[in-house]
Amino acid sequence: MKLHEIAHGRAGDKGTTSNISIIAYRPDDWPRIEAEVTAERIAAIFGPDVQVARYVLPQLFALNFVVKNALKGGVTRSVALDAHGKGLVYAVLDMRL
Amino acid sequence: MKILRIGTGAGFSGDRIGPAVDLARSGKLDYLVFECLAERTIALAQLDRLGDPAAGYDRRLEQRMRAVLPDCHRAGTRIITNMGAANPLEAARRTAEIAAELGLTLRVAAVLGDDVLDRIGPCVLEETGRPASDLGDRLVSANAYLGAEGIVEALARDADIVICGRVADPSLFVAPMIHAFGWPSIDDHRLIGQATVIGHLMECGAQVTGGYFADPGVKDVPDLATVGFPIAEVSQDGTAVITKLPGTGGLVSRATCIEQLLYELHDPARYFQPDVVADFSGVDFSEIGPNRVAVSGGAGAPATGRLKVSVGARDGWIGQGEISYAGPGAVARARLAGEITTERLAPFANLIEDMRVDIIGLNAILPADPSAPEPREVRLRVAARCTEIEAARAVSDEVEGLYLNGPAGGGGVATMVREVIGIRSTYLPKADVETHVHMFGEPA
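Residues numbered from 1 in each chain as written. Chains lettered and ligands numbered in written order. Predicted model: local features only at pLDDT ≥ 70, side-chain atom pairs only at ≥ 80, totals over all residues. Heavy atoms only, no water.

Where an unreviewed UniProt entry is consulted, chain B appears under the name Putative DUF1446 protein, with the organism given as Salipiger abyssi.

An unreviewed UniProt entry annotates chain A as AtuA-like ferredoxin-fold domain-containing protein of Salipiger abyssi.

Below, the structure written as structure tokens:
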């Protein structure tokens, strides 16, 4: 199963840091998401240059990942097509559980 | 008990104008807030102002004001905006002229003081660890994130329209709450923290009413084409309901609110703002009716006493070019095109600081998945940040040259060269940043 089937989220940017929220659609799926969607698994998606912090908001059934160095150059200097990294949340939602 | 009605008329400088007109006309609003300034927008506006001292404010200011002023005047709705960008004084003067042209008597305030270019030199930049003065003549702007107090002062002086430059986005919403409810301003950190939660939910416009949310099959949004902009109904105790106009498209739900709450947030317990260190960690939402979501639980601690400053500097040029390949072997031909373009750019290597060669459809946004089937059409994209404009031009020229000198079947070339204004961050003690208000149309 892909995370996309049981969770949604949004990516934001500040400088070279991306933040990615992951939110359970149903409370029943929350324990599984909290257990499996770890900072280590997020770091593995984005490669060796990033540092990941994970914040848990249990009353919202939500996780907030802060991924440092995910956006090379930041939105103002980046040569990436998606300089804001808006699409990066879908790299996480593509994760297999 | 008084319920304060605040609407969002724009969540970014390019936002749609129609939904703001709907709010002005039918929202029965006390305040309509236009948030139009991003990190880079203000530096670009500073460049405009360097070219023309009367420019440097939002280019759609006039269009927006003409669209909403008559209805706002009729409804008694006051306007707060950061469309002043790099030139709030000129933006306010122009807005007063527009009001007069429309036959409306309106008092317009400019909130000044965010421009700190004259004292930023010694401040150490977060990204480089070096003082801003090291940037020399590349330095074009330094704008401090002001808090709510200048706007509160303008409202106390009966401004109908308040025009700011760089103000923290939530403060555009916090200020009218402080003014309307007579809160003890920065002294009640719980209230200001909760007000910041409301401001954060509202500041991106439709992002809380179903915009930027739809994902067909898993997250459906009704009538997205006519998505309405948000309204916050705020009570004296800081609790609020997020909603939108009846008859507009979109969706206000627990899910849309949670996505927007966490947008661009780092540590939820410590969201640094000029007015407060807001604590979003205990926020909760409940759906109390169709498209009506109650928000509570925001908290806060005293602000740090220093203001974040965005420093803009000229930082070279980006040149880019794209070309499409389709059908059998499309990916291989795009790869070959990328390789030969890179080889042809070798003479400019010492002028290229960063370069990407991506295949759109394969790996331009997400890391490539080797197990995925090959797409039927792809687009090669070459982009480089260069220290000199001729190198940036070479990048786009070499992609265009692929028409006759590259692999078979390339089509649809698009190229662009633009100057880069890099934004870096530093901090100033709040005491070094003086906010003041200039009124137009105030009786002598």
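**Student:** Any chance you could explain the packing of helix 3 (residues 61-75) of chain B against helix 4 (residues 88-101) of chain B here in plain terms?
**Tutor:** What describes two packed helices is the angle between their axes and the distance between those same axes. Residues and elements named next belong to chain B. Running from N to C, helix 3 and helix 4 cross one another at 40 degrees; their axes reach a closest spacing of 10 Å. Viewed along their axes, helix 3 and helix 4 adopt a mutual orientation that is oblique. Crossing handedness for the pair helix 3 and helix 4: right-handed. Each of Leu-61, Glu-62, Met-65, Arg-66 and Leu-69 in helix 3 lies in contact with helix 4, whose residues at this interface are Ala-91, Arg-94, Thr-95, Ile-98, Ala-99 and Glu-101. (Axes fitted to C-alpha atoms, helices over the stretch in contact; angles between N-to-C directions. Helix = DSSP H or I, 4+ residues; strand = E, 2+ residues; numbered from the N terminus. Parallel < 35°, antiparallel > 145°, perpendicular 65-115°, else oblique. Left-handed = near helix turned anticlockwise from the far one by under 90°. Contact = heavy atoms within 4.5 Å.)

**Student:** Got a minute to help me understand the nonpolar core in this structure?
**Tutor:** The nonpolar side chains of a soluble globular protein tend to be buried with one another. Residues and elements named next belong to chain B. One finds Ile-120, Ile-151, Val-162, Met-177, Leu-261, Phe-285 and Val-295 to be the most contacted residues of the largest nonpolar core, which totals 72 residues. Those residues in contact with Val-295 that sit more than four places away from it in its chain are Gln-194, Val-197, Ile-198, Leu-201, Thr-239, Ala-240, Ile-242, Val-283, Asp-284 and Phe-285. Counting 35 residues, the second-largest nonpolar core is a separate cluster that includes Leu-23, Ala-24, Leu-32 and Leu-106. (Core = buried A, V, L, I, M, F, W, Y, C linked by side-chain atoms within 4.5 Å. Buried < 20%, exposed > 50% of the residue type's maximum accessible area, 1.4 Å probe, protein only.)

**Student:** Explanation requested: the pattern of salt bridges in the structure shown.
**Tutor:** Working definition: two side chains of opposite charge can pair if their charged atoms are close together. Applying the stated criterion to the full structure yields 35 salt bridges over all chains. In this structure, a network of salt bridges that share partners links the residues Glu62(B), Arg66(B), Glu90(B), Arg93(B), Arg94(B), Glu97(B) and Glu101(B). (Salt bridge = Lys/Arg side-chain N within 4 Å of Asp/Glu carboxyl O.)

**Student:** How should I be thinking about unusual backbone geometry in this particular structure?
**Tutor:** Glycine aside, a negative phi is what most residues show, and trans is what most peptide bonds show. The backbone of Phe61(A) shows a phi angle near 50 degrees, a positive value even though the residue is not glycine. Considering the arrangement of structural elements, one finds Phe61(A) in the loop between strand 4 (51-57) and strand 5 (62-68). In the Ramachandran plot, Asn291(B) falls in the positive-phi region, its phi being about 55 degrees despite a non-glycine side chain. Checked against the element boundaries, Asn291(B) lands in the loop between strand 11 (284-289) and strand 12 (292-296).

**Student:** Is there a simple way to explain the state of the cysteines in this structure?
**Tutor:** In protein structure, a disulfide is the covalent linkage between the sulfur atoms of two cysteines. Counting across every chain of the model gives zero disulfides over all chains. This cysteine, Cys204(B), is not joined by any disulfide, and Cys36(B) carries the nearest cysteine sulfur, 12 Å off. (Disulfide = S-S within 2.5 Å.)

**Student:** Just to check I follow, could you spell out the interface of chain B and chain A for this structure?
**Tutor:** Interface size is commonly expressed as the accessible area that is lost once the parts come together. The interface of chain B with chain A comprises 51 residues on the first partner and 38 residues on the second. In this assembly, chain B packs against chain A so that about 3,700 Å² is buried in total across both faces, 55% of it on carbon and sulfur atoms. Considering only the surface of chain B that becomes buried against chain A, Glu259(B), Leu262(B) and His266(B) emerge as the three largest contributors, covering 16% of it. For the pair chain B and chain A, the number of links is three salt bridges. We note a salt bridge from Arg77(A) to Asp315(B), for which the minimum N-O separation is 2.4 Å. Connecting chain B to chain A are 22 residue pairs in polar contact (both at pLDDT 80 or more). Within the residue set of the side of chain B that touches chain A, elements represented by two or more residues are helix 2 (39-51), helix 8 (254-262), strand 11, strand 14 (306-326), strand 15 (352-360), strand 16 (377-386) and strand 17 (411-429) of chain B. Among the elements that make up the side of chain B that touches chain A, the one with the highest residue count is helix 8 of chain B (seven residues). Taken together, the residues that form the side of chain B that touches chain A break down as 26 nonpolar, seven polar and 18 charged. (Buried area = accessible area lost by both parts, 1.4 Å probe. Polar contact = N/O pair within 3.5 Å; in protein donor to acceptor, adjacent residues only side chain to side chain. Nonpolar A, V, L, I, M, F, W, Y, C, P; charged D, E, K, R; others polar.)

**Student:** What's the story with the sheet that holds strand 8 (residues 240-244) of chain B in this structure? I'm lost.
**Tutor:** Strand-to-strand pairing in sheets goes through backbone hydrogen bonds, with the strands running parallel or antiparallel. Residue and element names in this part refer to chain B. Sheet architecture is open: ten strands sit in the order 11-12-8-7-1-2-3-6-4-18, paired in mixed fashion. The sheet is open, and its two borders are formed by strand 11 and strand 18 (436-440), each paired with just one other strand. Direction aside, neighbouring strands of the sheet carry axes that sit 25 degrees apart on average. In the sheet, strand 8 pairs with strand 12 via three bridges, with the strands oriented antiparallel. When the bridges of strand 12 are listed, Val-241 appears paired with Ala-294. Most of the contacts of helix 1 (residues 18-26) go to strand 2 (residues 31-34), to which it runs at about 165 degrees, and overall it touches strand 1 (3-10), strand 2 and strand 7 (230-235). The strands touched by helix 4 are strand 4 (108-112), strand 6 (161-164) and strand 18; relative to strand 4, the strand with the most contacts, the crossing angle is about 175 degrees. (Pairing = 2+ DSSP bridges.)

**Student:** So what exactly am I meant to see when it comes to the sheet that holds strand 13 (residues 299-301) of chain B here?
**Tutor:** Residues and elements named next belong to chain B. Pairing is antiparallel in the open sheet, where three strands are placed in the order 9-10-13. What marks the edges here is a single partner per strand, and that holds for strand 9 (271-272) and strand 13. With three bridges connecting them, strand 10 (residues 277-279) and strand 13 associate as antiparallel partners. Bridging from a neighbouring strand, Val-277 pairs with Ala-301 of strand 13. Strands in contact with helix 7 (residues 189-202) are strand 9, strand 10 and strand 13; relative to strand 13, the strand with the most contacts, it is inclined by about 120 degrees.

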